[in-house]
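# Inside the fold
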Amino acid sequence: MKEFLAKIKEWFKNSPSICKVGFEKFKPKFKAFSKKFCTKKNLTIAGIIVLIPVLVISSIKVIDFARTAYLRPYIEKYKIEFPEGILEEMCDAYGKDQTVRGKIEVEDLNYKTYVSEILKDNKAFLENDADITKDQHFRAIRFNKKDVDLESLYSTDKLFLKSSQSIKFTTLYQEEQYRVIAAFYINTNPEDDGGYVYPYNFCGNMSEKDFESFEDRLTHRTLYDTGYEYNYEDYFLSISVPSDFMEDFRFVIVCVKTDKKGFEKVKKATPNEKIFFPQVWYDVNNEENPYRFAGKWIPKGI
């Protein structure tokens with residue numbers, strides 16, 4: 001063992017000489033390689049190749065910083081993390097209440113309020129698992145307090161024509177413009193309609209077959225015809241408020257999303273002469289229900 005250690009020690013002692021000899025042999029080849037490849041042009045190209053990924057990484061970091069810079073004051077103010085892509089105008093509301101999912105505005109009433117993900121303090125809230133992060137063609141918002149009088153705007157064809165026919169819903173991530181296309185009254189107590197409540201607050205997506213039934217049923221229930229042509233690809237928002245029309249009834253407007261903020265108002269609306277009311281209405285008014293044999297439609301997913 002001692003002899004082995006002595007040999008290793010001797011090798012390390014002589015290694016500088018060995019390395020020097022090795023380098024002297026390699027030196028001519030290294031000079032030739034340098035002369036051939038280490039030209040100004042090649043060095044420039046090599047520098048660019050090295051620099052590109054550095055610039056890309058730096059740019060990504062700069063862009064990311066700029067993209068989220070507006071959030072920093074709110075993060076500091078509220079000491080919470082904010083959803084990626086949240087609109088700055090929604091930051092204060094979300095900072096104060098993380099259940100906030102948007103803001104609804106009724107132009108005619110000069111009214112606006114925040115919309116919660118859940119029922120909270122009788123504020124407006126999203127119903128039935130409506131989710132602003134998902135591609136849902138149907139969403140519903142419910143008001144439990146009668147602090148927004150939609151009936152004064154949309155309960156008759158004449159009122160509808162006088163209104164702006166416009167509802168603005170700003171989610172955490174984008175502004176959405178809607179136009180009103182229908183309005184109706186609905187029972188909330190199943191006993192008032194033979195154990196049935198029309199799914200006025202459906203949220204999610206329907207099959208094309210269910211959508212055809214939705215169109216047919218809504219066409220008969222709406223108080224007037226606005227001339228809207230139903231399209232399976234459209235996005236719908238239903239908004240319901242308490243109503244004194246009958247006990248346990250709600251007033252509902254149905255809106256369709258539009259890309260046009262300044263859309264052209266409907267100039268003609270026709271009253272529905274044979275409205276499909278819940279059964280209790282016919283009982284109170286001593287009338288025979290012409291729709292008494294209609295099936296109780298319930299879309300899949302409920």
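Analysis parameters
- Residues numbered from 1 in each chain as written.
- Predicted model: local features only at pLDDT ≥ 70, side-chain atom pairs only at ≥ 80, totals over all residues.
- Heavy atoms only, no water.
- Phe/Tyr/Trp six-rings, centres within 6.5 Å; stacked < 30°, edge-to-face > 60°.
- Buried < 20%, exposed > 50% of the residue type's maximum accessible area, 1.4 Å probe, protein only.
- Helix = DSSP H or I, 4+ residues; strand = E, 2+ residues; numbered from the N terminus.
- Pairing = 2+ DSSP bridges.
- Core = buried A, V, L, I, M, F, W, Y, C linked by side-chain atoms within 4.5 Å.
- Contact = heavy atoms within 4.5 Å.
- Axes fitted to C-alpha atoms, helices over the stretch in contact; angles between N-to-C directions.
- pLDDT = per-residue confidence, 0-100.
- Expected span 1.5 Å × (residues − 1).
- Arc of directions from axis to C-beta.

Applying the stated rule across the entire model yields 26 aromatic pairs. Arranged with centres 6.4 Å apart and planes meeting at 65°, the rings of Tyr 74 and Phe 82 form a pair that is edge-to-face. With respect to burial, Tyr 74 and Phe 82 carry one shared label: buried. Seen in terms of ring centroids, Phe 82 and Tyr 94 are 5.7 Å apart; in terms of plane orientation they differ by 50°. Their pairing is tilted.

Moving on to the pairing of strand E6 (residues 175-187). Among the 13 residues that make up E6, eleven are buried, leaving the element largely enclosed by the rest of the structure. As defined by bridge partners, strand E5 (residues 166-171) adjoins E6 across five bridges and the pair is classed as antiparallel. Of the residues in E6, the one forming a bridge with Phe 169 is Glu 176. The hairpin turn running from E5 into E6, its antiparallel successor, is three residues long. Here ten bridges tie E6 to strand E9 (residues 249-258), and the two strands are oriented antiparallel to one another. Its bridge partner being in E9, Tyr 178 is matched across the sheet by Lys 257.

Time to look at the nonpolar core. Among the nonpolar cores identified, the biggest contains 54 residues, and Ile 141, Ile 239 and Ile 253 are the most heavily contacted of them. If we skip the residues at most four places from it in the chain, Ile 239 touches Ile 104, Ile 141, Phe 143, Leu 150, Ile 167, Phe 251, Val 252, Ile 253 and Cys 255. In this structure, Ile 186, Tyr 200, Tyr 228 and Phe 236 belong to the second largest nonpolar core, which totals 20 residues.

Attention shifts here to the sheet that holds strand E2 (residues 111-116). In space, the eight strands of this closed barrel follow the order E1-E2-E3-E4-E8-E9-E6-E5, with mixed pairing throughout. The sheet shows a mean angle of 30° between the axes of neighbouring strands, taken without regard to direction. Relative to E9, strand E8 (residues 236-242) runs antiparallel, the two sharing seven bridges. Opposite Ser 240, over in E9, you have Val 252 as the bridge partner.

Unusually for a residue other than glycine, Asp 129 sits at a positive phi of about 65°. Following the sequence through the fold, Asp 129 ends up in the loop between strand E3 (124-126) and strand E4 (138-142). Residue classification places Asp 129 among the exposed positions, given a relative accessible area of 72%. A positive phi is found at Gln 165, a non-glycine position, where the angle reads about 60°.

Turning next to the environment of Ile 181. Position of Ile 181 among the secondary structure elements: in strand E6. With relative accessibility at 3%, the residue Ile 181 sits in the buried group. Taking C-alpha positions, Ile 181 is 6.3 Å from Tyr 228, a pair spaced 47 residues apart along the chain. The residues touching Ile 181, leaving out its near neighbours within four places in the chain, are Thr 226, Tyr 228, Tyr 230, Phe 236, Val 254, Cys 255 and Val 256.

When pLDDT is averaged along the protein chain, the result is 86; 78% of the residues meet or exceed 70. Contacts of residues 58-64 to residues separated by more than four positions or lying in other chains number zero contacts, the stretch itself having pLDDT below 50.

This paragraph deals with helix H7 (residues 208-221). The end-to-end C-alpha separation of H7 is 20 Å, in line with the 20 Å expected for 14 residues at 1.5 Å each. All of the buried residues along H7 are Asp 210, Phe 211, Phe 214, Arg 217, Leu 218 and Arg 221. Seen from one end, H7 has its buried residues packed into an arc of 130°, which puts them on one side. Residues Glu 208, Lys 209 and Glu 212 are exposed on H7 and point more than 90 degrees away from its buried face. The secondary structure elements touched by the buried residues of H7 are E4, E6, E8 and E9.

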